[in-house]
Amino acid sequence: MVTEDQSAVIEFLGSASTHGGVPVERIDTHTAAVFLAGPRAWKLKRAVLFDYLDFSTAARRKALCDAEVRLNRRTAPALYLGVVAVTRERGGSLALGGSGTPVDWVIEMRRFEEDAVFDRLAATGRLDVEMMLPLAQAIARFHADAERRTDHGGRAGMKWVVDGNASGFAEYGSGVLEPSACFRVTDDTLAALEGRGALLDARRGSGFVRQCHGDLHLRNIVLIDGQPTLFDAVEFNDEIACTDVLYDLAFLLMDLWRRRLPRHASAVWNGYVSETGDLDGVPLMPLFLSCRAAVRAKTSATAARVQQDAARGDELRQLAREYLSMAEDLLHPPGPCIIAVGGFSGSGKSTLTRALAPSVGPVPGALVLRSDETRKRLFGVPLLERLGAEGYTPDMSDRVYATLAERARALVHGGCSAIIDAVYASARERQAIERVAAAESVPFVGLWLDAPESILIARAGRRRHDASDADAAVVRMQRARDTGPIRWHRIDAAGSVATVLDEAIAYLKRRANQELPLVGQAP
């Protein structure tokens, strides 16, 4: 609902004369109008009142402009320059930061190239999957430093989200969203919430509910000086911003998946969990992803109502229906499985496991457990720090494989598939991971990568910036061991990455016809 007439302020901010004659470009949303002029962007909050947002008065907008600048300086201090008054001068004219009476307020921002925003990069096929790891690490650091908020989140916090979505469907979805689909999504989400409520409350008590971003999708990430930068965090409603950290992450994962970027979503998911070690929240991901899609269905339907451009309105209505369908599908994920990829160092295990992850199990794919990373973390050293012989004793290796097995067990128990990247040179190690799958009653696949010693040594020698410490001596030592009979599916890994991946996918597809929730999950 619009509460005030801002037409004079909008006309003033859109005039080139306000900005020294510089042409002005205007961007409209249902909650803000942004005016781009020269090196600056000026953001005006619309005088609107929704069930989740109150910009109804100038005083309220001023307070929330201040909050937006404060919160976004956590991740983008160079972008948020301050809050400036739009003033009414003595002669009746308006001014930016004048000496007259403030009539409204705008946020002054450093302007950035729109083509550097991640949704633009994704739309044009220029979003580099290699950028996803630094993005995941940036989000993990942000969450680690964010303020803990035990007064929000938990079961009650997610119930608020579900109730808000249901109300939004009823109020703004008429003529856009199929009512029966809205009812199904709401009922199924409430059922999922009932099953996960205790875990949600436990995580809140453990400090996983924090003052997060709240709107973490591709439109709110930009490349600044070569680094992914989060901006436009939610300041107007703590119920939205103060959430479980994985619910915050889920918005980005859902956005990447909807855009048919499963490799990107998998890279963020794996990068974040590797950085944080947060396996306890994995069972919540289907609920979190579905709620995020449902929120977008609601807001897209709402935006369509106020959109003046007919074509854009049609686009938003179609988008709302797409999000609603996605929300329903995400609540009914396929079951988990365990895939173990073994082979001597240099055989290409890490490359294959990363490539397989997006197509295995529930969205956003399997989590990859690497023995090299696990060893470094158990030893308490940075991933790129080389370990000496003390890091590779039989006792230490037993700890590594036991940890991999326990983490795989925890993942599949929570509904997430696990892909394990380890040498698995002994029959005892291979049998141990097979027993985990059997105990959890989930499908298991073992893949073994074969390659000549010369290729293994050459590949190990080419590695850079990797957790593996393997070199020629390590490869020769591994090959001298008695592996015993290898009953896992063997793949000739001497060829190209594409050839190895094709062979692995073909085998998994054959198994998928029998029992595996594998290939075909990625859009």
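Per-chain numbering applies: the sequence of each chain, read as written, is numbered from 1 onward. The predicted origin of the model limits local features to residues at a pLDDT of at least 70 and limits the giving and counting of side-chain atom pairs to 80 or more, whereas totals for whole chains, interfaces and linings rest on all residues. Only hydrogens and water are set aside when side-chain values are computed; all heavy atoms of the structure are taken into account.

Trainee: I would appreciate a short explanation of the overall build of the protein chain in the present structure.
Mentor: Here a helix means four or more residues in a row that DSSP labels H or I, a strand means two or more in a row labelled E, and each is numbered from the N terminus. A tally of helices and strands in the protein chain yields 18 helices and 17 strands. Each of the three principal axes of the protein chain carries a C-alpha extent, and together these read 90 × 50 × 40 Å. Burial classes: relative accessible area under 20% of the type maximum marks a residue as buried, over 50% as exposed, and values in between as partly exposed (1.4 Å probe, protein chains only). Within the protein chain, the proportion of its 523 residues that are buried is 54%. Pairs of residues are marked as contacts when any of their non-hydrogen atoms sit within 4.5 Å. For the protein chain, the share of sequence-separated contacts (at least 6 apart) that also reach a separation of at least 24 residues comes to 72%. When the accessible surface of the protein chain is split by element, carbon and sulfur atoms take 50% of a total near 22,400 Å². Between the centroid of the 64 positive side chains of the protein chain and the centroid of its 67 negative side chains there is a distance of 3 Å. We get accessible surface area from the Shrake-Rupley algorithm with a probe of 1.4 Å; when it comes to residues, only the shown protein chains can shield them. By the counting rule applied here, Lys and Arg register as positive and Asp and Glu as negative, while His and the ends of each chain are not counted. Note that the charge is assigned to NZ on lysines, CZ on arginines, CG on aspartates and CD on glutamates.

Trainee: Looking at this model, I keep getting lost on the pattern of salt bridges. Mind explaining?
Mentor: When charged atoms on two side chains of opposite charge get close, those side chains can pair. By salt bridge we mean one thing: a side-chain nitrogen of Lys or Arg within 4 Å of a carboxyl oxygen of Asp or Glu. For the coordinates displayed, the defined rule picks out 36 salt bridges. The residue Arg-203 makes a salt bridge to Asp-244 at a minimum N-O spacing of 2.7 Å. Pair noted here: Arg-203 is in helix H6 (residues 179-205) and Asp-244 is in strand E12 (residues 242-244), with a separation of 41 residues, a long-range link. Given the relative accessible area of 3%, Arg-203 is considered buried. Exposure remark for Asp-244: the relative accessible area of 5% places this residue in the buried category.

Trainee: Quick question: what am I supposed to make of the nonpolar core here?
Mentor: For soluble globular proteins, the rule of thumb is that nonpolar side chains tend to be buried together. Ranked by internal contacts, the top residues of the largest apolar core, which has 96 residues, are Trp-269, Ile-338 and Ile-433. Ranked by residue count, the leading element in this core is helix H8 (residues 245-258), at eleven residues. Residues contacting Ile-433, with those up to four places away along its chain left out, are Ile-338, Ala-340, Ala-405, Ala-408, Ile-420, Tyr-424, Phe-444 and Trp-488. The term nonpolar core refers to a set of buried residues drawn from Ala, Val, Leu, Ile, Met, Phe, Trp, Tyr and Cys, joined through side-chain atoms within 4.5 Å. Ile-339, Val-341, Val-360 and Val-445 belong to the second-largest nonpolar core, a separate cluster that totals 20 residues.

Trainee: Where do I start with the packing of aromatic side chains in this structure?
Mentor: For any pair of aromatic rings, geometry is given as the distance between the ring centres together with the angle between the planes. Aromatic pairing here means that ring centres of Phe, Tyr or Trp (its six-membered ring) are within 6.5 Å. Orientation follows from the plane angle: under 30 degrees is stacked, over 60 is edge-to-face, and everything else is tilted. According to the stated counting rule, one finds ten aromatic pairs in the structure shown. Between Phe-50 and Tyr-172, the aromatic rings sit 6.4 Å apart at their centres with planes inclined by 80°, giving edge-to-face as the arrangement. Residue Phe-50 is located in strand E4 (residues 49-50), and its partner Tyr-172 is located in helix H5 (residues 154-172); the two are separated by 122 residues in the primary sequence. Taking the relative accessible area as the measure of exposure, Tyr-172 reaches 12% and is therefore buried.

Trainee: For this particular structure, what's the right way to read unusual backbone geometry?
Mentor: A negative phi angle is the norm for most residues apart from glycine, just as the trans form is the norm for most peptide bonds. A cis amide bond links Val-363 with the next residue in sequence, Pro-364, at an omega value of 5°. In this structure, Pro-364 sits in the loop between helix H12 (349-356) and strand E14 (367-370). In this structure, Asp-232 takes a positive phi of about 60° despite not being glycine. With respect to the helices, strands and loops of the structure, Asp-232 is situated in the loop between strand E11 (227-230) and helix H7 (238-241). Using a relative accessible area of 21% as the deciding quantity, one classes Asp-232 as partly exposed. The phi torsion at Arg-260 lies on the positive side, around 60°, for a residue other than glycine. Tracing the backbone through its elements, the reader meets Arg-260 in the loop between H8 and helix H9 (262-276). Note on Arg-260: relative accessible area 58%, which makes it exposed.

Trainee: How should I be thinking about the sheet that holds strand E1 (residues 24-28) in this particular structure?
Mentor: Hydrogen bonds between backbone atoms are what pair the strands of a sheet, whose relative direction is either parallel or antiparallel. What the six strands build is an open sheet, ordered E1-E2-E3-E8-E6-E7; its pairing is antiparallel. The sheet terminates laterally at E1 and strand E7 (94-96), the two strands that pair on one side only. Each neighbouring strand pair of the sheet contributes to a mean axis angle of 25°, computed without reference to strand direction. Two strands are said to pair when DSSP picks up at least two bridges between them. To obtain each axis, a line is fitted to C-alpha atoms, and for helices this fit is confined to the stretch in contact; angles are then taken between N-to-C directions over 0 to 180 degrees.

Trainee: Is there a simple way to explain the packing of helix H16 (residues 453-462) against helix H17 (residues 472-480) in this structure?
Mentor: Each pair of packed helices gets described by two things: the angle between the helix axes and the distance between those axes. Viewed as axis vectors pointing N to C, H16 and H17 meet at an angle of 145°, and their least axial separation amounts to 9 Å. Seen from above, H16 lies across H17 with right-handed handedness. Across the interface between the two elements, Glu-453, Leu-456, Ile-457 and Ala-460 from H16 touch Ala-472, Val-475, Arg-476 and Arg-479 from H17. A per-class count over the contact of H16 with H17 returns five nonpolar, no polar and three charged. Each crossing gets its hand from how the near helix is turned against the far one by less than a right angle, where anticlockwise is left-handed and clockwise is right-handed. Ten residues, namely Ala, Val, Leu, Ile, Met, Phe, Trp, Tyr, Cys and Pro, are considered nonpolar, four, namely Asp, Glu, Lys and Arg, are considered charged, and the remaining ones, Gly among them, are considered polar.

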